[in-house]
Amino acid sequence: MADTTTTASATAASAANASPDSPPFQLGKPRFQQTSFYGRFRHFLDIIDPRTLFVTERRLREAVQLLEDYKHGTLHPGVTNEQLWSAQKIKQAILHPDTNEKIFMPFRMSGYIPFGTPIVVGLLLPNQTLASTVFWQWLNQSHNACVNYANRNATKPSPASKFIQGYLGAVISAVSIAVGLNVLVQKANKFTPATRLLVQRFVPFPAVASANICNVVLMRYGELEEGIDVLDADGNLVGSSKIAARHVQGICSFQILMDEGEVMFLMFGSGSVSTAALLETALTRVVLPMPILVLPPIVMSMLEKTALLQARPRLLLPVQSLVCLAAFGLALPLAISLFPQMSEIETSQLEPEIARATSSRTVVYNKGLGVEF
């Protein structure tokens with residue numbers, strides 16, 4: 001009770017010094033409104049901000065202490081909303097919400113672009129050999145698996161076998177399709193050498209997309225029987241619905257989303273129950289890899305014809321790296337900001353016990369937005 005009172009006092013004090021750029025601080029809540037695309041975009045820009053990779057241990061301790069002071073109503077006078085939002089951003093970027101342990105830097109969401117860009121560059125290198133194709137596809141799926149595991153929901157641990165199954169399935173499918181398509185392109189006699197090279201550059205996209213689907217099916221199919229949590233309008237847990245999960249016609253890619261200050265994992269979008277939710281999830285999963293794996297080959301095919309790069313071929317790799325970085329940095333926040341993370345469902349379509357447990361006509365659940373590429 002004391003914590004509730006002190007937190008309420010801190011909230012009131014926070015509201016008093018609010019400004020348009022720094023809304024009243026709410027512990028564990030997103031800084032920006034999630035009902036608009038712009039709000040979601042700014043929210044995810046904060047989550048993937050690579051500057052948090054350089055936060056010192058001392059600054060992290062200060063941020064954690066500031067949030068504790070806010071929680072217990074012992075903030076020093078003069079602390080601003082901006083300072084509180086910054087402290088929360090730092091804590092969420094570095095510490096696992098369930099274990100409070102530091103996440104290894106390459107596997108943090110803020111490290112997804114800096115550490116993922118070299119892999120994208122490798123995937124899109126021209127004139128790939130069989131060995132290099134296998135290596136880069138394996139490295140990409142290994143990076144995804146490590147990010148997923150490092151940010152897993154530790155409150156509901158999954159068997160290690162599920163992660164291993166998903167990882168092996170993703171690697172095998174990605175490598176098989178990438179190698180198979182490259183062989184087909186090489187045997188296509190109707191292609192000129194220039195056309196063959198251009199087509200080969202687009203091979204990573206279908207390979208990665210198929211790997212994501214395989215990973216999802218192997219890792220999350222069992223959760224169709226476990227159900228998904230549904231919440232009322234006030235955010236209170238109503239129950240876990242197996243019907244909602246079984247109505248799913250498509251399964252989302254492994255999700256990492258930020259809700260109430262915690263990284264949570266919810267693997268299902270809604271199909272029959274909400275066709276829009278399924279389409280949103282599927283579209284997000286398609287939109288994210290496309291700019292990352294499709295735009296750079298198009299841009300590079302044009303840049304390679306310029307006099308500068310023809311005269312200085314050593315610049316090709318640095319230029320391609322910059323193009324991939326720009327595509328990755330723009331595509332990630334845009335794609336995961338396309339749709340809200342909450343889906344709505346009528347209680348009449350769920351189990352009778354869930355309909356009886358709430359007076360609300362509808363309930364909501366987090367469907368998440370995929371971040372794999």
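Per chain, residues are indexed from 1 in the order of the written sequence. Totals for whole chains, interfaces and linings use every residue, but because this is a predicted model, local features are given only for residues with pLDDT of at least 70 and side-chain atom pairs only at 80 or more, for both listing and counting. Working from all heavy atoms in the structure, the side-chain values ignore hydrogens and water.

Here we come to the packing of aromatic side chains. Note on ring pairs: Phe, Tyr and Trp rings are taken, using the six-membered ring of Trp, and paired if centres are within 6.5 Å. Classes follow the plane angle, with under 30 degrees stacked, over 60 edge-to-face and the rest tilted. Going through the model one piece at a time under the given rule, you end up with 8 aromatic pairs. On the numbers, 6.0 Å between centres and 45 degrees between planes, the contact of Phe135 with Trp138 is tilted. Taken as a pair, Phe135 and Trp138 lie in helix α6 (residues 130-150) at a separation of 3 residues, close to a single helical turn. Ring geometry for Tyr149 versus Phe163: centroids 5.2 Å apart, planes at 85 degrees, classification edge-to-face. Highlighted residues: Tyr149 in helix α6 and Phe163 in helix α7 (residues 160-187), separated in sequence by 14 residues. Here's how the labels work: a residue is buried when its accessible area is under 20% of the maximum for its type, exposed when over 50%, partly exposed in between, all with a 1.4 Å probe on protein chains only. According to the relative accessible area criterion, Tyr149 is partly exposed, its value standing at 43%. These aromatic residues form a ring-pair network of at least three members: Phe25, Tyr70 and Trp85. Numbering of helices and strands runs from the N terminus; a helix is a DSSP stretch of H or I covering at least four residues, while a strand is a stretch of E covering at least two.

To continue, consider the packing of α6 against α7. Helix axes are fitted only over the stretch in contact, all axes being lines through C-alpha atoms; the angle between N-to-C directions runs from 0 to 180 degrees. Running from N to C, α6 and α7 cross one another at 155 degrees; their axes reach a closest spacing of 9 Å. Viewed along their axes, α6 and α7 adopt a mutual orientation that is roughly antiparallel. For the element pair α6 and α7, the recorded crossing hand is right-handed. Between α6 and α7, the residues in contact are Leu130, Thr133, Val134, Gln137, Trp138, Gln141, Ser142, Ala145 and Tyr149 and Phe163, Tyr167, Ala170, Val171, Ala174, Val175, Ala178, Val179 and Asn182, respectively. Side-chain classes follow a simple rule in which Ala, Val, Leu, Ile, Met, Phe, Trp, Tyr, Cys and Pro form the nonpolar group, Asp, Glu, Lys and Arg form the charged group, and the remainder, Gly included, forms the polar group. Class assignment of the residues belonging to the contact of α6 with α7 gives a composition of 13 nonpolar, 5 polar and no charged. Working definition: roughly parallel below 35 degrees, roughly antiparallel above 145 degrees, roughly perpendicular at 65 to 115 degrees, and oblique for all remaining angles. Note: crossing handedness is left-handed where the near helix turns anticlockwise from the far helix by less than a right angle, and right-handed where it turns clockwise. Contacts between residues were defined by any pair of non-hydrogen atoms, one from each residue, lying within 4.5 Å.

What follows is about the confidence of the model for the protein. Looking at any residue, its pLDDT shows the predictor's confidence there, from 0 to 100. Chain-level pLDDT for the protein is 77 on average; 73% of the residues reach the 70-or-more range. Across the protein, the element-wise mean pLDDT spans from 32 in strand β4 (residues 262-264) up to 95 in helix α3 (residues 57-71). In this model residues 247-282 is a low-confidence stretch, pLDDT under 50, and it forms 110 contacts with partners more than four residues away in sequence or in other chains.

Only one rule defines a salt bridge in this text: a Lys or Arg side-chain nitrogen within 4 Å of an Asp or Glu carboxyl oxygen. Within this structure, the stated rule accounts for 8 salt bridges. For Arg58, the salt bridge is made with Glu62, and the minimal N-O distance between the two is 3.3 Å. Taken together, the positions of Arg58 and Glu62, both in helix α3 and 4 residues apart, correspond to about one turn of that helix. Accessibility expressed as a relative area gives 58% for Arg58, which makes it exposed. For Glu62, a relative accessible area of 41% puts it in the partly exposed group. The closest approach of N and O atoms between Arg201 and Glu304, which form a salt bridge, is 2.4 Å. Residue Arg201 is found in the loop between α8 (193-200) and α9 (204-220), and its partner Glu304 is found in the loop between α13 (295-303) and α14 (307-311); the two are separated by 103 residues along the sequence. Look at the salt bridges and you will find they share partners, linking Asp46, Asp49, Arg51 and Lys89 into a network.

Next up on the list: the nonpolar core. Think of a nonpolar core as a cluster: buried Ala, Val, Leu, Ile, Met, Phe, Trp, Tyr and Cys residues, connected wherever their side-chain atoms sit within 4.5 Å. One finds Ile48, Val120, Ile292, Leu293, Phe328 and Leu332 to be the most contacted residues of the largest nonpolar core, which totals 24 residues. Only α2 (37-47), α5 (112-123), α6, α12 (289-293) and α15 (316-336) provide two or more residues apiece to this core. The dominant element in this core, judged by the number of residues it contributes, is α5, at 6 residues. The residues contacting Leu293, other than those within four sequence positions of it, are Val120, Leu123, Leu124, Arg201, Pro204, Phe205 and Val208. If you look at the next biggest cluster of nonpolar residues, it comprises 14 residues, including Phe25, Leu67, Val79 and Ile94.

Of all the residues in α13, the buried ones are Pro296, Pro297 and Met300. On an axial view of α13, the arc spanned by its buried residues comes to 95 degrees, and they lie on one face. On its buried face, α13 is in contact with α8, α12 and α15. Directions drawn from the helix axis to the C-beta atoms are what define this arc.

With that out of the way, let us pick up a nonpolar patch on the surface. Together, Ile164, Leu168 and Ile172 line one region of the surface with nonpolar side chains, adding up to about 300 Å² of accessible area. Secondary-structure assignment places Ile164 in helix α7. Within this analysis, patches are made of residues with over 30% relative accessible area and no salt bridge. Like charges are joined at 9 Å or less; nonpolar side chains (Val, Leu, Ile, Met, Phe, Trp, Tyr) at 5 Å or less. In short, Shrake-Rupley with a 1.4 Å probe defines the accessible areas, and a residue's cover is counted only from the protein chains shown.

Once that is clear, we can look at the environment of Ile90. Position of Ile90 among the secondary structure elements: in helix α4 (residues 81-94). What makes Ile90 buried here is its relative accessible area of 7%. On a C-alpha basis, the gap between Ile90 and Leu53 in space is 9.2 Å, while along the polypeptide they are 37 residues apart. If we ignore the near neighbours within four places in the chain, the residues touching Ile90 are Val55, Arg59, Leu60 and Ala63.

A positive phi angle is found at Asn100, which is not glycine, with a value near 65 degrees. Mapped onto the elements of the fold, Asn100 is located in the loop between α4 and α5. The partly exposed category is assigned to Asn100, whose relative accessible area is 48%. With phi around 55 degrees, Asn127 is a residue other than glycine that occupies positive phi space. In this fold, Asn127 is placed in the loop between α5 and α6. Given a relative accessible area of 59%, Asn127 falls into the exposed group.

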